[in-house]
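In case you want the letters, here they are:
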Amino acid sequence: MTVIEEPEVDHVARLRSGRGVLRMSEVVAAEHGERLADEDDETMLVNMGPQHPSTHGVLRLMLEMRGEQVVRSKPIVGYLHTGMEKTAEDLTYLQGPTNVTRMDYASPFFTELAFSLATEKLLGIEVPERAVWIRMLMSELNRISSHLLFQATNGMDIGAVSVMIYGWRDREDVLRFFEKVTGLRMNHNYIRPGGVAADLPDGWRDDVLHLLDQIPPHLEDLDVLLSGQPIWRNRLQGVGVISTAEALDLGATGPILRSTGYDWDLRRDMPYLAYDQVDFDVVVGTFGDCYDRYAIRLNEIRESIRIVRQILDRMPAGDYKIQDKKVTPPPRARIDESMEALIHHFKIFTEGYKVPEGEVYVAVESPRGELGCYIVSDGSSKPYRMHVRGPSFVNLQCLPHMMVDGLIADTVAVISSVDPIMGEVDR
Amino acid sequence: MSDGDVAAAEPESAYGVPISWSRDQQILHPSREQYLDLVAALKDDGFVMCVDVTAVDYLAAPERSLPNGVVAERFEVVANLISHRDRRRVRVRVQVPADDPTCSSLWPLHAGVEALEREVFDLFGITFDGHPDMTRILLPEDWEGHPLRKDYAIGRIPVQFKGAEGRATSMGQMGSSPSAR
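Here's a quick rundown of the structure. (Residues numbered from 1 in each chain as written. Chains lettered and ligands numbered in written order. Predicted model: local features only at pLDDT ≥ 70, side-chain atom pairs only at ≥ 80, totals over all residues.)

What follows covers the overall build of chain B. Scanning chain B from N- to C-terminus turns up 4 helices and 8 strands. In chain B, the succession of α and β elements from N to C terminus is α-β-β-β-α-β-β-β-β-α-β-α. Every one of the 181 residues in chain B was classed for burial, and the buried ones make up 36%. Pairs at least 24 apart in sequence give 49% of the contacts found in chain B among residues at least 6 apart. (Helix = DSSP H or I, 4+ residues; strand = E, 2+ residues; numbered from the N terminus. Buried ≥ 20, exposed ≤ 12 C-beta atoms within 10 Å, placed from the backbone. Contact = placed C-beta atoms within 7 Å.)

With that settled, consider the overall build of chain A. Check the secondary structure of chain A and you find 19 helices and 8 strands. The globule rule puts the C-alpha radius of gyration for 427 residues at 22 Å, and the 23 Å found for chain A is close to it. A principal-axis box enclosing the C-alpha atoms of chain A has dimensions of 85 × 50 × 35 Å. Residues classed as buried in chain A amount to 50% of the 427 residues present. A separation threshold of at least 6 residues defines the contact pool for chain A, and within that pool the share at least 24 residues apart is 70%. (Rg over C-alpha atoms; globule rule 2.2 N^0.38 Å.)

On the chain A side, the residues contacting the 32 residues of chain B number 38 residues. Listing elements by their share of the side of chain B that touches chain A, those giving two or more residues are β4 (49-57), β5 (75-83) and α3 (113-124) of chain B. Its residues assigned to classes, the side of chain B that touches chain A shows 17 nonpolar, 8 polar and 7 charged. (Nonpolar A, V, L, I, M, F, W, Y, C, P; charged D, E, K, R; others polar.)

Quick look at the sheet that holds strand β1 (residues 44-48) of chain A now. All names here are of chain A. The strand order β1-β2-β3 describes an open sheet built from 3 strands, whose pairing is antiparallel. Because the sheet does not close on itself, it has two edges, and the strands there are β1 and β3 (69-76). Direction aside, the axes of adjacent strands within the sheet are offset by 25 degrees on average. Sheet strands in contact with helix α18 (residues 408-418) are β1, β2 (60-66) and β3, and its direction is about 150 degrees off that of β2. (Pairing = 2+ DSSP bridges. Axes fitted to C-alpha atoms, helices over the stretch in contact; angles between N-to-C directions.)

In this section: the nonpolar core. Side chains of a nonpolar character, in soluble globular proteins, are inclined to be buried together. Core analysis: the largest hydrophobic core is formed by 151 residues, its most contacted members being A114(A), V39(B), V77(B) and L81(B). With residues up to four places along the chain from it excluded, the contact list for V77(B) reads V53(B), A55(B), V94(B), V96(B), C103(B), V120(B) and I126(B). (Core = buried A, V, L, I, M, F, W, Y, C linked by C-beta atoms within 7 Å.)

Below, the discussion takes up the pairing of β3(A). Residues and elements named next belong to chain A. Pairing between β2 and β3: 7 bridges, direction antiparallel. Paired with L61 across the two strands is P75, which belongs to β3. Two successive antiparallel strands, β2 and β3, enclose a turn made up of 2 residues, where G67 displays a positive phi of approximately 65 degrees.

A separate point is the pairing of strand β2 (residues 17-22) of chain B. Residues and elements named next belong to chain B. Alignment of strand β1 (residues 13-14) against β2, held across 2 bridges, turns out to be antiparallel. Counted as the bridge partner of A14 is V17 from β2. Hairpin remark: β1 followed by β2, antiparallel, with 2 residues in the connecting loop; positive phi at Y15, about 55 degrees. In this structure, β2 lies alongside strand β3 (residues 25-28), joined through 4 bridges in antiparallel fashion. Looking at β3, one finds that S20 is bridged to I27. Connecting the antiparallel pair β2 and β3 is a turn made up of 2 residues, with R23 showing a positive phi of about 50 degrees.

Residue and element names in this part refer to chain A. Within the secondary structure layout, L399 lies in helix α17 (residues 398-403). Expressed as a C-alpha distance, the spacing of L399 and S73, which sit 326 residues apart in the sequence, is 7.9 Å. Those residues in contact with L399 that lie beyond four places of it in its chain are S73, P75, V414, I415 and V418.

Of note, the phi angle at D405(A) is positive, near 70 degrees, even though the residue is not glycine. By the secondary structure assignment, D405(A) is in the loop between α17 and α18. By the C-beta count within 10 Å, which is 10 here, D405(A) ends up exposed. Positioned with a positive phi, R87(B) is a non-glycine residue whose angle comes to about 50 degrees. Examined against the element boundaries, R87(B) turns out to sit in the loop between β5 and β6 (88-96). A residue is classified by how many C-beta atoms lie within 10 Å of it, and R87(B), with 12 of them, is exposed.

Turning next to helix α15 (residues 339-350) of chain A. With 12 residues, α15(A) extends 16 Å from end C-alpha to end C-alpha; this agrees with the ideal 16 Å at 1.5 Å per step. Within two residues after α15(A), G352(A) carries a phi angle of roughly 80 degrees, on the positive side. (Expected span 1.5 Å × (residues − 1).)

All names here are of chain A. Taken in spatial order, the 3 strands of this open sheet run β6-β7-β8, and their pairing is antiparallel. Pairing within the sheet leaves two strands with one partner each, and these edge strands are β6 (358-366) and β8 (385-389). Across the sheet, the axes of successive neighbouring strands diverge by a mean angle of 10 degrees, strand direction being ignored. Relative to strand β7 (residues 369-377), β6 is paired through 9 bridges, and the arrangement is antiparallel. Residue pairing for β7: G358 is matched across the bridge by S377. Across the sheet, helix α5 (residues 108-123) touches β6, β7 and β8, and the angle it forms with β6 is around 150 degrees.

Below, the discussion takes up the environment of R267(A). All names here are of chain A. Residue position: R267 is located in helix α12 (residues 266-269). Linking R267 and V327, residues 60 residues apart in sequence, is a C-alpha distance of 27 Å. With near-sequence residues (within four places) excluded, R267 lies in contact with Y275 and E365.

Residues and elements named next belong to chain A. With respect to the element layout, A198 can be found in the loop between β5 (195-196) and α8 (204-227). Of the residues examined, A198 has 13 C-beta atoms within 10 Å and is grouped as partly exposed. Sequence separation between A198 and K321 is 123 residues, and the spatial gap between their C-alpha atoms is 8.1 Å.

As C-alpha cells, this is what we get:
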C-alpha cells in the first residue's frame, strides 16, 4: 500500500492566523466598497444572502473575492433572533418546551428533550421506562426526518433538483406520523419534563413499520441518483475540507466532527435515555469534505432505522409520564369528579411547579451535533436562566475555514454540508 | 449516590481552584486571573473541546451557594469543557463584577469560543480580553443595551429601526411602558 505523503500543516496555527476569516463590520465593509475604484486592491466584497435561496433561511455571508476565489468570509447571523432565552425566563418549566421547540424547527424533539432532561435532573426525578423509549422513538424518527430534509436541500443546492422532491416526500411521511402522535407536524411540545404529553395512538406500530419499510428503498434510490454519480462526486469530493484538529478547536460537533474521522457520538459515548441498551454503529468519514458529510447523514438514517426497529421490539408498557403529583397534572377524568383535582390542575397550569435551586448542563446528540441546555434555577417555578447551546451556531464558524481558497460556486455546497438551521443559530 | 457523598469523597479543590458539585456535575471556580491558566491546564489534561460559553446575570438572585473563598459577583461566565478520552465534562464558573465586566477570552486555546463569547458580549455586555473580534453577533451593530441582563425589561421597547425618529435611547426608557410615552 502506498502511503501518500502529506505536507505537514499545523492546522491550529492556521486557525490562529485568522486566514480565511473576515472580521469586518458592516460600516467598514460599506467604505471598502466605495474605496475600491481608486486603490490597487484586487479583492472585492460580495454579499450573499440573507435572502439567497440556498442559504437555508436567513444566513448572510460576506465574501471577500479575488476573481472567483474566496479569500476571506464572514457568516452574519441574527436575522431570526427573537430573544428566546430571555422569553424562557418568563415561562414556567411546563411552558418551557413550547418555547425551545421553536429553536431547531427541523428537529424540534431534541431541544424539547434537552430542556426536559435538564429540568428533570434539577428536580431529581426519573421518568417511567415507557416515556424513555417513546422519547427515543421520536428522537430517532426525527433524526431520520431531519437528515431527509438535509438530503432534499443539499440536492437542490448542488443542482440535483429531483432529489429535493424525494427528500421532502419521505420527510413529509415521517411528519405525518408526528402529527398523529403529537397533533402537530412541527413544534410539537410533546416531550415535557416528567415524560411525554400523550401516549402513542392506536396503530402507531403499523405506522412506524410502514415508514421503516418505505424509507430504505428510497435511500437506495438516493445512492443510485447521487452517491455513485461522477457529477455529484466531483461537486462534493475534496470541497470544504476540514481537519480533525480544526474541528475540535472550533467546537464543531455532529456529522462535521465525524466527517474528519473522529469517532464521537454522545448517544454511544455518554449515553442518555436508553441508548446504552440498543445496538447501532457510529458513522465516521475520512476526508472531512462535503461528500463525507453527505454520506454520513445518509448512513445515519440507516442506523436510526436500525435503532427504531429495536425500539419497536422493546417498547415497554406502563405510564408515559411520571406519577408524581408535583409535576404531573391530574388526568382529565378526575377533574370532573374531584374538586381537589380541579384545584391541583389549576395550580400546575397557572403557577407551575417549583424546581429546587441549582444549575445543570445536559447535552443530547441532535442531528447537527451536541445540543446542550444549561438551566439555572433559583427555586421558583421559572428558570432563572435558560441557555441552549445550539450546534449550528458553533458549527457555522467552520464556514470560513472550509471555504478559504475555494470557488464561489462551492460556497453553496459548503453551506449546505454544514446543514445550519437558522432558528437555532439565532434563537 | 447523593451530592453529599461525592463532595465528601473528592478533595475540596482541583488544579488549585475550589470545586463544587451540582447534581453530580463537577464545577471549578477559578478567579478571573486563574481562568485562562486553568483552562490551559485542563486542555493538557484531555479537555480538548470547549463546547459552550455563556453567562448568567445574578442581579435578581444574589444568594447562591459557592464554595468557601469564592466571592459572589453580579455576573458569572460559564464555560463547559469536555474530555472525549475520559468521557467527562467539567464546568468552569468565573465571577465577573458589575463595575468591571471583563474576563479573559479562551480564544487562544479554543478558537470555537469566538462566536459564543461574541454572543455573551452582545447579550450581557461582558467583554473578553484577547478576543479577536469583540463585536455584536445576534443584534444589529447599533443596538443599545444588553438584553439578557436582568435590568433589561422584556416586551416594553418599540422595535428599533435604523434612522427612525424617537427610538428608545437609554435603559431608563426601555424600562418604561409604552403607554407612559
